[in-house]
Structure formats: structure tokens, C-alpha cells
Amino acid sequence: MGGDGFQAVWSITVEQVDAGGRNPIPSTELGPLLGRLYEAACSRPVDELRLERAIRELLEFLATDGGQTPDNFLVASRFLIPGDEYWDADWGDLPERFVEVLGIMAHELSLTLEDPEWAVTVGSTPSQLLAQLSDSAGSAAREK
């Protein structure tokens, strides 16, 4: 597992976004944040605290003025679309609370800036996802 897995997914993501007619220029902070998330999501056994921290750091960045760019949202969303042929591990092995947040990020995040009202309605803004992550962490702690 190592950096090669992340690098392969990162390259495929940029190629696919480019093929869609975009030449994305994501913030320099985005790659390392996605790299930490990738490594945490692919590590087995799953370290839930590490994974939660990686998701939280990415969402906190995307909630900032500097993070809220169409290119950042598009690349992050596209990177997170699970593809078993590219990722080193299956998301199905992750606790459900993470699968849900990552799924929303993968499928809805790229539309957040295009239609902010819709994003609020479906709960896909970075701030809403942070709140959902916190709520689910509290629920998970109570279940233990």
C-alpha cells in the first residue's frame, strides 16, 4: 500500500477531470489532505480515529475561503468516487458512518458550489458534513 496507491488514484483523477474538458488547478493543500485520507481509508485494520481525523481535516480545508474553489471540490469529489480497480481497499470494510460521509463527498461535493441552495438541502456542504461526522462520532461512542 504506500504512496504508489495514492499517486495512481491522484493521476487517474486528474486525467479523468482533464478528459471532461477541465484543466483543474487544485490548491497545493488538497493533494496532501487527500493522501492522508487515502492512506487512512486503505489501512487495515481500520484506525477509526486516524480516518476521522483525515476526513475532518479535508472538510475543514474545503470549508475555508481558500478551499472553496470549483477545482478543489471537483478534484476532491472525483478522487473519492470509489473505484475498486483503483483504490487499494474497499470502502465496504469501513464503518458505515464513514462510508456515508465519503459517499456524499464523492457524489455531491462537486455540485456544492454550482447550486448552494441544493447543497444545503441535501446536506452536502463541508460544514454540514463536518457536523454529520461529529454527530456520528458521538453516536458511535454511545454504542460502544
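The structure this text deals with has already been given above.
Structural notes, computed from the coordinates.

Procedures and definitions
- Residues numbered from 1 in each chain as written.
- Predicted model: local features only at pLDDT ≥ 70, side-chain atom pairs only at ≥ 80, totals over all residues.
- Heavy atoms only, no water.
- Helix = DSSP H or I, 4+ residues; strand = E, 2+ residues; numbered from the N terminus.
- Contact = heavy atoms within 4.5 Å.

Omega for the peptide link from R44 to P45 comes to 0 degrees, which places this bond in the cis form. Note on placement: P45 falls in the loop between helix 2 (30-42) and helix 3 (48-62).

Let us look at the environment of G31. Mapped onto the elements, G31 comes out in helix 2. In this structure, the C-alpha to C-alpha distance between G31 and L58, residues 27 residues apart in sequence, is 9.9 Å. Discounting residues that sit within four places of it in the chain, G31 has contacts with F6 and W10.

A few words on the environment of E15. Mapped onto the elements of the fold, E15 is located in helix 1 (residues 2-19). Sequence-wise, E15 and A54 are 39 residues apart; in three dimensions their C-alpha atoms are separated by 24 Å.

None of this, on its own, says anything about what the molecule does.
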